[in-house]
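Chain residues, written in single-letter form:
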Amino acid sequence: MTPAGLPCPWCKLVQRVVNGQCAACHGAFPPPPRQGPPPAPPPAPRAVPAAFASRCLDWNDFKLGGVILGGSGGLFLLVGVPLVAIGETWAASFVAIAAVSLASAALLLRAGRARLRTLRAVFERGEAVPARIVSIVEDRTVFEEDVPDHLKYPWQIEYEFALGGAPHRGTVLVEPSLWQIDRRPGDLLWLLLHPAFPSHHEFWPPLERQKGGTRIIR
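Residues numbered from 1 in each chain as written. Predicted model: local features only at pLDDT ≥ 70, side-chain atom pairs only at ≥ 80, totals over all residues. Heavy atoms only, no water.

Trainee: Sorry, what's going on with the overall build of the protein here?
Mentor: Helix and strand content of the protein: 3 helices and 8 strands. Counting from the amino terminus, helix and strand elements in the protein follow one another as β-β-α-α-α-β-β-β-β-β-β. By the burial criterion, 39% of the 218 residues in the protein qualify as buried. Taking the contacts inside the protein whose residues are at least 6 apart along the sequence as the reference set, 64% of them involve residues at least 24 apart. Counting only carbon and sulfur atoms, one obtains 61% of the accessible surface of the protein, whose full area is about 11,900 Å². (Helix = DSSP H or I, 4+ residues; strand = E, 2+ residues; numbered from the N terminus. Buried < 20%, exposed > 50% of the residue type's maximum accessible area, 1.4 Å probe, protein only. Contact = heavy atoms within 4.5 Å. Areas by Shrake-Rupley, 256 points an atom, 1.4 Å probe, with all protein chains shown as cover.)

If you want it as structure tokens, here you go:
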């Protein structure tokens, strides 16, 4: 049984774990630390829990920004065009703002969709590769207010894996409240490598990266 109070890595809800799956979204849940290695991801094409797909594979910051900018541009256009049509030349600035907003929205939506397609390809068709944790430490340069001390700082995980027969290492900054907080060097993680671009990969089950945290591969 997974320790109480840890949210599911797929749906983010704190739920019971039944037969290695979250009771809410049925996403695969890793075993508690030191109670066995996490099972390998299912073979491709693999199903992704709907809760995770709607949260991470259907929307991202780029797509959300595009929708917001597009809506704002549409409002400026609705106001500006009728005013210009009746001779209010000052309203031309509204039309100009609308044009810039709509063009920016189109670029953001295109970038957002491209990133989401890549992410979905990794989770659904990516090659499963084992990795080992090299080190896991608190990053005390970033912290959250008003939370318990053991959840205040994000964790920096350094891991190693083989790619094309050559060893590689990666570093990722993750939220402190998920299952990985009790992991140790030498513990197994599973990666999913993009079918066309193996250097792009994700974790299975997913790790929630710290906002603004970067991942370095070398």
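Trainee: Looking at this structure, how should I read the environment of Ile97?
Mentor: On the secondary structure map, Ile97 appears in helix 3 (residues 92-125). Exposure remark for Ile97: the relative accessible area of 37% places this residue in the partly exposed category. Ile97 sits 21 residues away from Phe76 along the chain, and the two C-alpha atoms are 7.0 Å apart.

Trainee: Just to check I follow, could you spell out the side chain of His201 for this structure?
Mentor: Here His201 shows up in strand 7 (residues 201-204). The exposure class of His201 is buried, given its relative accessible area of 0%. A distance of 2.9 Å separates polar atoms of two side chains, one belonging to His201 and the other to Tyr159. (Polar contact = N/O pair within 3.5 Å; in protein donor to acceptor, adjacent residues only side chain to side chain.)

Trainee: I keep staring at unusual backbone geometry and nothing clicks. Help me out?
Mentor: Across residues other than glycine, the phi torsion is negative in most instances, and most of the peptide bonds are trans. Along the chain, Ala44 connects to Pro45 via a cis peptide bond; the corresponding omega equals -5°. In this fold, Pro45 is placed in the loop between strand 2 (21-22) and helix 1 (50-57). Across the junction of Trp204 and Pro205, the peptide omega takes the value -10°, indicating a cis bond. On the secondary structure map, Pro205 appears in the loop between strand 7 and strand 8 (216-217).

Trainee: Looking at this structure, how should I read the packing of aromatic side chains?
Mentor: Remark: the centre distance and the inter-plane angle together describe each pair of aromatic rings, the angle taken between the planes. Tallied over the entire structure, the rule returns 4 aromatic pairs. A ring pair is formed by Phe76 and Phe94, whose centres lie 5.5 Å apart and whose planes are at 90°; its orientation type is edge-to-face. With Phe76 in helix 2 (residues 61-85) and Phe94 in helix 3, the pair connects residues that are 18 residues apart, well separated along the chain. On the basis of relative accessible area, Phe94 is assigned to the partly exposed category, the value being 25%. When the centroid spacing of 5.1 Å and the interplanar angle of 75° are considered together, the rings of Tyr159 and Phe203 count as edge-to-face. Taken together, the residues Tyr159 in strand 4 (residues 155-163) and Phe203 in strand 7 connect sequence positions 44 residues apart. (Phe/Tyr/Trp six-rings, centres within 6.5 Å; stacked < 30°, edge-to-face > 60°.)

Trainee: I tried to follow the environment of Trp10 on my own but got confused; where do I start?
Mentor: Looking at where Trp10 falls in the secondary structure, it is placed in the segment before strand 1 (17-18). Taking the C-alpha atoms as reference points, Trp10 and Gly27, 17 residues apart in sequence, are found 6.1 Å from one another. Those residues in contact with Trp10, other than ones at most four positions away along the chain, are Cys25, Gly27, Ala28, Val48, Pro49, Ala51, Phe52, Arg55, Phe123, Trp204, Pro205 and Pro206.

Trainee: Is there a simple way to think about the pattern of salt bridges in this case?
Mentor: By the definition in use, this model includes 3 salt bridges. Where Glu158 meets Arg169, a salt bridge forms, and the shortest distance between an N and an O atom there is 3.4 Å. Separated by 11 residues along the polypeptide, Glu158 in strand 4 and Arg169 in strand 5 (residues 166-174) bring together distant segments of the chain. Under the relative-accessibility criterion, Arg169 is labelled partly exposed at 31%. Beyond isolated ion pairs, a larger network of salt bridges with shared partners links Glu158, Glu160 and Arg169. (Salt bridge = Lys/Arg side-chain N within 4 Å of Asp/Glu carboxyl O.)

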